[in-house]
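Listed below, chain by chain, are the residues.
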2 protein chains.
Amino acid sequence: MATIYDVARHAGVSAATVSRVVNGRTTVDAALAARVHQAMRDLDYRPNAVARNLRRQQTSIWAVIISDIGNPFFTSLVRGVEDVAQAAGYSVVLCNSDEDPGKEDRYVSAALAEQMAGVIISSTGKLATITRLVESGTPVVAIDRQIRGATVDTVLADNEHGADVATSHLVAAGYQRIACITGPRKLPTAQQRLRGYTNAVRRHKRPADDQLIRHADYREEGGYAAMASLLDSGAEPDAVFAANNLMTVGAMECLVDRGISVPGRFGVVGFDDIPWAHLVRPSLTTVVQPTYELGRTAALLLAERIAEPGRPASTVTLQTELKIRESSVRPA
Amino acid sequence: MATIYDVARHAGVSAATVSRVVNGRTTVDAALAARVHQAMRDLDYRPNAVARNLRRQQTSIWAVIISDIGNPFFTSLVRGVEDVAQAAGYSVVLCNSDEDPGKEDRYVSAALAEQMAGVIISSTGKLATITRLVESGTPVVAIDRQIRGATVDTVLADNEHGADVATSHLVAAGYQRIACITGPRKLPTAQQRLRGYTNAVRRHKRPADDQLIRHADYREEGGYAAMASLLDSGAEPDAVFAANNLMTVGAMECLVDRGISVPGRFGVVGFDDIPWAHLVRPSLTTVVQPTYELGRTAALLLAERIAEPGRPASTVTLQTELKIRESSVRPA
DNA sequence: CTGAAAGCGCTAACAG
DNA sequence: CTGTTAGCGCTTTCAG
């Protein structure tokens, strides 16, 4: 690989001049610049980003650390991030923490060690990890999940309200004993969606019974197991609000396996959409999150923070929307 | 951030000794090592990976460049790659080329500029991009799609055979005029799956008519449009083999929209599974690829190539398996 | 406007 | 076994 000195020699200028041309810095004499460009072409010169990073003390890469690459919600965010990043001249790399605080911590270490220009993260909740990031001065944006105890820019969906709307919809549809399968106790989204459910159930004077609530792992298997446990518990639910997309699928599977007709005998509403929800029978009523916008907004915040590190942290909350399909509408 | 010199001073040794301790290189006197460890803890020392990379001329990060982050096939591969990478001491970052040769090229440039330790790529087919990577000496493994004109380690599924089996299954199920929706003309997987289809159709003396073949974009919309075009063409197909998962979904949607009963009036088999295929009605018969193993194998090959750069390139082909569900089984 | 020179933080010869 | 020294390739003052 040709270095900047090779180019300099070839063009008969100094390395500093080549550097200026490469970075479009101060005005360089047109004739010199032309010679440099020619030399770069002749030698197929590619700047060594590692050397540049070392010198500049930062890269032009953003790390997006998501907690489950198998969940379309997270991959869908990435699209929004990417579009903004590209436009702003950054590359995006994705890291999958798989809800594992250890893996998350390792990726944060890597982002730090590699001096990434910024990090967008849906945190598993381990504060120490985030603190390390923030204290190092790395621009950070939390996405989907706020981070208690850390002051960082944050982009969220309106979890509590969305869950409330979903639950109220089940009430309006005539279901009586509405259960809730929410996520892991420590995840803010799980808490907020549970709160929305609880609020709605209370307001509408439906049974607000701990027997009707389950915490699962935001995965398909967890949703399946939680549904099974609800059905076996004697709490006799006739509907369920599942707090994420994968668990909704799991719950549906359980219902299918047990031969329980949806929406006839049992109503189902999920949080966050799934791809080809329309091919599933019955098609699933879900609280749709603006995934692309969530990603876009996070990226915009990150870009702003990089430009202006001192600005106060802000939290943006985006609206969800209930998409009514078949699984929650009782036939007359 | 503390540097290696801060640690050295604090421990009363030279930077070289600290470096040795950090990297577990040559044996360092136990007492010194202990002092160094203490100093590192005291100062919360974190090695600067960028500086190390510059010096060593390489990182401990692998880039996985996939062509569609919205396709569960690709995200599923990543799991297999990650598990092997972690075990071998590498971090994995994901780059989404979105089937765009320009984006792919930019990510390859980034991988090169950042001196990534290796690259696993499902190429859009632009040879120049790969050549650049190979010529730079970066270890590369092609996954899912071989790269014509480049000699690199490659991991593939048995596309032709899988497609043949899928098509033969439709024949055995009693369908007569079997159509094929394959992928973009230039993608090897699309060509191979088309060939498998053609072979099967010929062998079983079913109409082998260009009218029954469509090339689409491996996306849902493409599958929908291709299906619509087949239905409107006058070729009168009564079954379709769709060459990837997303297009199968699209084709199904089209069939649903037209009120064509599957599998009664029309048989459907797809290539590559989709999540919650069992919830879709009718459930989809698909050629299942060993996605996790594909990723694992690619990672293993990459690790071997890094360890032994001179070894001849090898191609590993993994078997697919036809998973028969409802969409291809005519009721008696 | 251009070049010389210093140095980002780390590793790897090479002496001792 | 340990320290000294010389860069990795680039950017950026600082002179000229």
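Residues numbered from 1 in each chain as written. Chains lettered and ligands numbered in written order. Predicted model: local features only at pLDDT ≥ 70, side-chain atom pairs only at ≥ 80, totals over all residues. Heavy atoms only, no water.

Q: Just give me the short version of the overall build of chain A, but keep the residues and values in it.
A: Along the backbone of chain A there are 12 helices and 12 strands. Expected size for 332 residues packed as a compact globule is a radius of gyration near 20 Å; at 25 Å, chain A overshoots this value by more than 25%. Relative to its 332 residues, chain A shows a buried fraction of 56%. Long-range pairs, those at least 24 residues apart, make up 71% of the contacts in chain A with a sequence separation of at least 6. Counting every atom, chain A has about 13,300 Å² of accessible surface; 51% of that belongs to carbon and sulfur. Within chain A, the 36 negative side-chain charges are centred at a point lying 3 Å from the centre of the 36 positive side-chain charges. (Helix = DSSP H or I, 4+ residues; strand = E, 2+ residues; numbered from the N terminus. Rg over C-alpha atoms; globule rule 2.2 N^0.38 Å. Buried < 20%, exposed > 50% of the residue type's maximum accessible area, 1.4 Å probe, protein only. Contact = heavy atoms within 4.5 Å. Areas by Shrake-Rupley, 256 points an atom, 1.4 Å probe, with all protein chains shown as cover. Lys, Arg positive; Asp, Glu negative; His and termini not counted. Charge placed at Lys NZ, Arg CZ, Asp CG, Glu CD.)

Q: Which residues make up the protein's contact with DNA strand D, and what values do they have?
A: Neighbouring residues of DNA strand D: 26 residues in total, closest A:I4, A:R55, B:R20, B:T27 and B:D29. Among all atoms of DNA strand D positioned within 4 Å of the protein, those belonging to sugar or phosphate total 63%. Between a phosphate oxygen of DNA strand D and a main-chain N or O atom of A:I4, the distance comes to 2.3 Å. Contacts to DNA strand D include A:A51, whose backbone N or O atom sits 3.3 Å from a base nitrogen. Mapped by element, the contributors of at least two residues to the surface near DNA strand D are α1 (4–11), α2 (15–23) and α4 (49–56) of chain A together with α2 (15–23) and α4 (49–56) of chain B. With four residues, the single largest contributor to the surface near DNA strand D is α2(A). When the residues that make up the surface near DNA strand D are grouped by side-chain class, the tally is 11 nonpolar, eight polar and seven charged. (Near = heavy atom within 4 Å. Polar contact = N/O pair within 3.5 Å; in protein donor to acceptor, adjacent residues only side chain to side chain. Nonpolar A, V, L, I, M, F, W, Y, C, P; charged D, E, K, R; others polar.)

Q: Please provide a residue-by-residue account of the sheet that holds strand β7 (residues 213–215) of chain A, values included.
A: Residues and elements named next belong to chain A. One open sheet holds the six strands; their spatial order is β7-β6-β8-β9-β10-β12, and the pairing between them is mixed. Of all strands in the sheet, those bounded by a partner on one side alone are β7 and β12 (321–323). For this sheet, the mean angle separating the axes of adjacent strands, direction not counted, is 15°. In the sheet, strand β10 (residues 285–288) pairs with β12 via three bridges, with the strands oriented antiparallel. By the bridge assignment, V288 is partnered in β12 with E321. On the sheet, helix α8 (residues 159–172) packs against β6 (178–182), β8 (239–242), β9 (267–271), β10 and β12 and is oriented at approximately 170° with respect to β9. Across the sheet, helix α9 (residues 188–203) touches β6, β7, β8 and β9, and the angle it forms with β6 is around 170°. (Pairing = 2+ DSSP bridges. Axes fitted to C-alpha atoms, helices over the stretch in contact; angles between N-to-C directions.)

Q: Now, about unusual backbone geometry: what can you tell me, with residues and values included?
A: Residue A:V262 is joined to A:P263 through a cis peptide bond whose omega torsion reads 5°. Locating A:P263 in the fold gives a position in the loop between α11 (245–257) and β9. The omega torsion across B:R281 and B:P282 is -5°, close enough to zero to call that bond cis. Within the secondary structure layout, B:P282 lies in the loop between β9 (267–271) and β10 (285–288). With a phi angle near 50°, B:E236 is a residue other than glycine that sits in the positive phi range. Relative to the elements of secondary structure, B:E236 occurs in the loop between α10 (220–232) and β8 (239–242).

Q: Before we move on, can you summarise the relation of the copies chain B and chain A with the specific residues and values?
A: Rotating chain B by 180° about the axis while translating it 0.0 Å along that axis superimposes it on chain A, leaving an RMSD of 0.1 Å. Such values leave the two copies arranged in the relation of a two-fold axis. Across chain B, the smallest distance between a C-alpha and the rotation axis is recorded for B:V280, namely 2.0 Å. Looking at chain B, 100% of its interface residues are interface residues in chain A too, so the copies touch through the same face. (Least-squares fit on C-alpha atoms with pLDDT ≥ 70 in both.)

Q: Could you give me a rundown of the layout of surface pockets, with the residues and numbers involved?
A: Roughly 1,300 Å³ of internal volume is contained in the second largest pocket. In terms of lining residues, the second largest pocket is bounded by 47 residues, among which A:G70, A:P72, A:P275, B:P72 and B:P275 are the most central. At the level of secondary structure, the elements contributing two or more residues to the lining of the second largest pocket comprise α5 (72–87), α10 (220–232) and α12 (291–307) of chain A together with α5 (72–87), α10 and α12 (291–307) of chain B. The residue inventory of the lining of the second largest pocket, partitioned by class, reads 18 nonpolar, 13 polar and 16 charged. (1 Å grid on protein atoms, 1.4 Å probe; cavity = no way out; pocket = protein on both sides within 12 Å on 5 of 7 lines; lining within 4 Å. Points joined across faces, edges and corners; volume = space filled by probe spheres on them.)

Q: Account for empty space enclosed by the protein, with residues named and values stated.
A: Applying the stated criterion across every chain yields a total of five cavities of 30 Å³ or more. Approximately 140 Å³ is the volume found for the largest cavity. Considering the residues around the largest cavity, the lining is formed by 17 residues, among which B:N71, B:F74, B:R145, B:Y218 and B:N244 are closest to the centre. At the level of elements, α5, α9 (188–203) and α11 (245–257) of chain B are the ones that each hand at least two residues to the lining of the largest cavity. Grouping the amino acids of the lining of the largest cavity by side-chain chemistry returns four nonpolar, five polar and eight charged. Mapping the lining of the largest cavity onto the domain boundaries places at least three of its residues in each of domain 2 (57–157 + 291–319) and domain 3 (159–289 + 322–328) of chain B. Looking at the second largest cavity, its volume works out to about 120 Å³. A:N71, A:F73, A:F74, A:Y218 and A:N244 are, among the 15 residues lining the second largest cavity, the residues nearest its centre. (Domains from an automatic or database assignment.)

Q: Break down the protein's contact with DNA strand C for me, with residues and values.
A: Near DNA strand C you find 27 residues, and of these A:R20, A:T27, B:I4, B:Y45 and B:R55 are the closest. Counting only the atoms of DNA strand C within 4 Å of the protein, the fraction contributed by sugar and phosphate is 66%. Between DNA strand C and B:I4 there is a distance of 2.3 Å, counted from a phosphate oxygen to a backbone nitrogen or oxygen. Interatomic distance of 3.0 Å between a backbone N/O atom of B:N48 and a phosphate oxygen of DNA strand C. Where the surface near DNA strand C is concerned, the elements lending two or more residues are α2 and α4 of chain A together with α1 (4–11), α2 and α4 of chain B.

Q: I'd like a description of the environment of A:R296, backed by residues and values.
A: Residues and elements named next belong to chain A. Examined against the element boundaries, R296 turns out to sit in helix α12. Along the chain, R296 and G80 lie 216 residues apart, while their C-alpha atoms are 4.3 Å from each other. Dropping the residues within four chain positions of it, R296 is found in contact with G80, V81 and V84.

Q: Which residues make up the packing of aromatic side chains, and what values go with them?
A: Residue and element names in this part refer to chain B. Taken as a whole and judged by the stated rule, the model has seven aromatic pairs over all chains. The interplanar angle of 25° and the centroid separation of 4.7 Å between the aromatic rings of W62 and Y90 together place this pair among those described as stacked. Highlighted residues: W62 in strand β1 (residues 61–66) and Y90 in the loop between α5 and β2 (91–96), separated in sequence by 28 residues. Residue classification places W62 among the buried residues on the basis of a relative accessible area of 0%. Considering the side-chain rings of F73 and F74, the 5.0 Å spacing of their centres and the 70° angle between planes classify their relative orientation as edge-to-face. Judged by its relative accessible area of 5%, F73 is buried. (Phe/Tyr/Trp six-rings, centres within 6.5 Å; stacked < 30°, edge-to-face > 60°.)

Q: With reference to specific residues and values, describe the domain arrangement of chain A.
A: Each domain of chain A was delimited in the assignment, giving domain 1 (4–47), domain 2 (57–157 + 291–319) and domain 3 (159–289 + 322–328). Look at where the C-alpha atoms of domain 1 of chain A and domain 2 of chain A centre, and you get two points 36 Å apart.

Q: I'd like a rundown of the nonpolar core, residues and numbers included.
A: Formed by 94 residues in total, the largest nonpolar core has its most connected members in A:F241 and B:F241. B:A63, B:A111, B:M116 and B:I147 belong to the second largest nonpolar core, which has 86 residues in total. (Core = buried A, V, L, I, M, F, W, Y, C linked by side-chain atoms within 4.5 Å.)

Q: Just give me the short version of the sheet that holds strand β12 (residues 321–323) of chain B, but keep the residues and values in it.
A: Adjacent strands of a sheet pair through backbone hydrogen bonds, lying either parallel or antiparallel. All names here are of chain B. Spatially, six strands are ordered β7-β6-β8-β9-β10-β12 in an open sheet, and the strand pairing comes out mixed. With one partner strand each, in any of the chains shown, β7 (213–215) and β12 form the two edges of the open sheet. Strand-to-strand, the axes of this sheet are offset by a mean angle of 15°, without reference to chain direction. Against the sheet, α10 engages β6 (178–182), β7 and β8, with an angle of about 150° to β6.

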